[in-house]
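A structural walkthrough
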Amino acid sequence: MSVLRPLDKLPSLNTATILLVGTEDALLQQLADSMLKEDCASELKVHLAKSLPLPSSVNRPRIDLIVFVVNLHSKYSLQNTEESLHHVDASFFLGKVCFLATGAGRESHCSIHRHTVVKLAHTYQSPLLYCDLEVEGFRATMAQRLVRMLQICAGHVPGVSALNLLSLLRSSEGPSLEDL
């Protein structure tokens, strides 16, 4: 059980691996299934974890993208994400980590304010995506987006790197945290 590093394993030929980290098993599995249905030129591998660190005894491939799924209806989900972030090497935050907030559609049921998640993403200089994973259409659209991000992070899109993607996603965000 150690810190997860982006280059601690050799890449597999034409394989892209994503790690979905979150407390909502059913939603993560549905998102993973939607991603596996997407047409992808690479072999797509999706790994699920409730939290980090990952067990060191498990033989796993190199992870190209980590997605921390935060359910805005659960304070435990945010706490779990914050604790898991301590087990990720700083170099992963150079475009290979993103946050996915789910449950924002029903704000009256939220136990975590959106600003808290925005601040978390800003602290780690990582993109924040919103999606209600309980709605199949939204989940399918998010699966497409994550597969495309994964292909870029795995180096399977010529001319675009994870850092390019990060700068594009950062420039497309709204006002900075200081402007809010």
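Named according to an unreviewed UniProt entry, the protein chain is Centromere protein M originating from Papio anubis. Quoted verbatim from the Subunit (unreviewed entry) field of UniProt, the annotation for the protein chain is "Component of the CENPA-NAC complex, at least composed of CENPA, CENPC, CENPH, CENPM, CENPN, CENPT and CENPU. The CENPA-NAC complex interacts with the CENPA-CAD complex, composed of CENPI, CENPK, CENPL, CENPO, CENPP, CENPQ, CENPR and CENPS." Quoted verbatim from the Function (unreviewed entry) field of the UniProt record, the comment on the protein chain reads "Component of the CENPA-NAC (nucleosome-associated) complex, a complex that plays a central role in assembly of kinetochore proteins, mitotic progression and chromosome segregation. The CENPA-NAC complex recruits the CENPA-CAD (nucleosome distal) complex and may be involved in incorporation of newly synthesized CENPA into centromeres."

1. Regarding the overall build of the protein chain
Regarding its fold elements, the protein chain presents 5 helices and 5 strands. Each helix (α) and strand (β) of the protein chain, taken in turn from the N terminus, gives the series β-α-β-β-α-β-α-β-α-α. Computed over the C-alpha atoms, the radius of gyration of the protein chain is 15 Å, within 12% of the 16 Å expected from 2.2 N^0.38 for a compact globule of 180 residues. With the principal axes as the frame, the protein chain shows a C-alpha extent of 45 × 35 × 30 Å. Taking all 180 residues of the protein chain together, 46% fall into the buried category. Surface exposure of the protein chain reaches about 9,300 Å², of which carbon and sulfur atoms provide 53%. With 16 positive and 18 negative side-chain charges, the protein chain shows a spacing of 3 Å between the two charge centroids.

2. So, helix α4 (residues 136-153)
One turn of an α-helix holds 3.6 residues; hence residues three or four places apart share an orientation. If you check α4, its first and last C-alpha atoms are 25 Å apart, about what 18 residues at 1.5 Å a residue would give, namely 26 Å. Among the residues of α4, Arg139, Met142, Ala143, Leu146, Val147, Met149, Leu150, Gln151, Ile152 and Cys153 are the ones counted as buried. Phi for Gly155, located one or two positions after α4, is positive at around 85°.

3. Quick look at the layout of surface pockets
Computed from the structure, the second largest pocket encloses a volume of approximately 150 Å³. In terms of residue class, the lining of the second largest pocket is built from 7 nonpolar, 3 polar and 3 charged.

4. Section: the sheet that holds strand β5 (residues 128-130)
If you walk across this open sheet you meet the 5 strands as β2-β1-β3-β4-β5, and the pairing is parallel. Both outer strands of the open sheet, β2 (43-49) and β5, are each paired with one neighbouring strand and no more. Sheet twist, expressed as the average angle between the axes of neighbouring strands with direction ignored, equals 25°. Bridge analysis of strand β1 (residues 15-21) against strand β3 (residues 65-71) gives 4 bridges, and the strand direction is parallel.

Rules behind the numbers
Here the residue index of a chain counts from 1 through its sequence in written order. Totals for whole chains, interfaces and linings use every residue, but because this is a predicted model, local features are given only for residues with pLDDT of at least 70 and side-chain atom pairs only at 80 or more, for both listing and counting. Computation of side-chain values covers all heavy atoms of the structure but excludes hydrogens and water. UniProt positions are given in the numbering used here, feature names are shortened, and annotations may be inferred rather than shown by experiment. Every helix listed is a DSSP run of H or I at least four residues long, and every strand listed is a run of E at least two residues long, numbered separately from the N terminus. As a reference, a globule follows 2.2 Å times the number of residues to the power 0.38, and the radius of gyration itself is taken over C-alpha atoms. Only protein chains enter the accessibility calculation, which uses a 1.4 Å probe. A residue is then buried if its area is under 20% of the maximum for its type, exposed if over 50%, and partly exposed in between. Areas reported here follow the Shrake-Rupley algorithm with a probe of radius 1.4 Å; residue values treat only the protein chains shown as occluding. The positive count covers Lys and Arg only, the negative count covers Asp and Glu only, and His and the chain ends enter neither. Each charge is placed at NZ for Lys, CZ for Arg, CG for Asp and CD for Glu. In a helix, the anticipated span is given by 1.5 Å times the number of residues less one. Whether a set of points on the 1 Å grid over the protein atoms alone is a cavity depends on a 1.4 Å probe fitting there but being unable to get out, while an open set qualifies as a pocket with protein on both sides within 12 Å along at least five of seven lines; lining residues are those with an atom within 4 Å of a point. Grid points are joined across faces, edges and corners, and a volume is the space filled by probe spheres set on the points. In this count, Pro and Cys sit with the nonpolar residues alongside Ala, Val, Leu, Ile, Met, Phe, Trp and Tyr, while Asp, Glu, Lys and Arg are called charged and the others, Gly among them, polar. By the convention used here, strands pair only if DSSP detects at least 2 bridges between them. Axis definition: a line fitted to C-alpha atoms, over the contacting stretch in the case of helices. Angles run 0 to 180 degrees between N-to-C directions.

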